[in-house]
Amino acid sequence: MAAILVVGGAVLLSGFLRTALDTTLLLADLAGIDAGWADIRPPASRRAIDYETQAGTRQADLYLTADTAGAGLVLVPGAAPGGRDDPRLVTLATALARSGFAVLVPDIESLRELRLSPATADEIAAAAVQLADLDVLPAGAGLGIGALSVAAGP
């Protein structure tokens with residue numbers, strides 16, 4: 001019985017420590033600092049893809065690692081002329097991918113032009129459908145949408 005408790009406790013502790021390490025490394029990435037120890041997370045790649053909306057074909061960037069993603073995230077840029085190429089957004093998307101997400105960053109023209117449009121919500125929804133259809137997530141994986149700045153409105 002004692003052995004079961006020790007093994008069970010070690011498994012729970014290792015899961016907690018792994019989550020704490022992943023969180024610390026993610027925060028270090030976002031702060032632009034070296035965490036001071038070995039980073040065990042895989043590197044992320046970024047590739048452009050096309051997806052269909054009601055208004056036609058749109059582009060997005062997909063961020064993945066060689067590991068299977070645990071969940072999907074559509075990361076919607078805020079109102080910024082750089083759109084999906086804004087260096088701050090690229091840093092965030094890369095860090096999230098290295099932390100276990102498949103991240104899709106759609107290029108939404110109205111947000112790059114610093115204006116909101118009713119079609120913006122349709123483009124965000126189409127990006128979420130595209131991410132779900134890409135076959136980069138395991139069955140039953142969660143999928144969410146994160147938006148920055150005024151993009152949270154649509």
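Look above for the structure.
Residues numbered from 1 in each chain as written. Predicted model: local features only at pLDDT ≥ 70, side-chain atom pairs only at ≥ 80, totals over all residues. Heavy atoms only, no water.

Enquirer: I keep staring at the overall build of the protein chain and nothing clicks. Help me out?
Expert: Across its full length, the protein chain holds four helices and five strands. When the elements of the protein chain are put in sequence order from the N terminus, they spell out α-β-β-β-α-β-α-α-β. Across the 154 residues of the protein chain, 37% fall into the buried class. The long-range fraction of contacts in the protein chain, counting pairs at least 24 apart against all pairs at least 6 apart in sequence, stands at 66%. Accessible surface, the protein chain: about 8,500 Å² in total, of which carbon and sulfur atoms supply 61%. (Helix = DSSP H or I, 4+ residues; strand = E, 2+ residues; numbered from the N terminus. Buried < 20%, exposed > 50% of the residue type's maximum accessible area, 1.4 Å probe, protein only. Contact = heavy atoms within 4.5 Å. Areas by Shrake-Rupley, 256 points an atom, 1.4 Å probe, with all protein chains shown as cover.)

Enquirer: What is the right way to look at helix H2 (residues 87–98) in this model?
Expert: Each turn of an α-helix holds 3.6 residues, which means side chains three or four residues apart point in the same direction. The end-to-end C-alpha separation of H2 is 16 Å, in line with the 16 Å expected for 12 residues at 1.5 Å each. In the segment just after H2, Gly 100 is the residue with positive phi, at about 110°. (Expected span 1.5 Å × (residues − 1).)

Enquirer: I'm lost on the nonpolar core in this one. Help?
Expert: Across soluble globular proteins, nonpolar side chains have a tendency to be buried as a group. Leu 62, Val 74, Val 76, Ala 102, Leu 104, Leu 131 and Val 136 are the most contacted members of the largest nonpolar core, which totals 19 residues. Looking at this core, the elements that each hand over two or more residues are strand S1 (45–53), strand S2 (56–64), strand S3 (71–76), strand S4 (101–106) and helix H4 (118–133). It is H4 that contributes the most residues to this core, five residues altogether. Among residues more than four places away in sequence, those in contact with Val 74 are Leu 104, Pro 106, Ala 127, Ala 128, Leu 131, Gly 144, Ile 145 and Gly 146. The next biggest cluster of nonpolar side chains, apart from the first, holds 11 residues, and it includes Leu 73, Leu 92, Ala 93 and Leu 96. (Core = buried A, V, L, I, M, F, W, Y, C linked by side-chain atoms within 4.5 Å.)

Enquirer: I tried to follow the pairing of S4 on my own but got confused; where do I start?
Expert: Consecutive residues of a regular strand have side chains that alternate between opposite faces of the sheet. Counting buried positions along S4 yields five of six residues, so the element is predominantly enclosed. Pairing between S2 and S4: four bridges, direction antiparallel. In the strand pairing of S4, Leu 62 is matched with Leu 104. As paired elements, S3 and S4 share four bridges and run parallel to each other. From the neighbouring strand, Gly 72 faces S4, where its bridge partner is Ala 102. (Pairing = 2+ DSSP bridges.)

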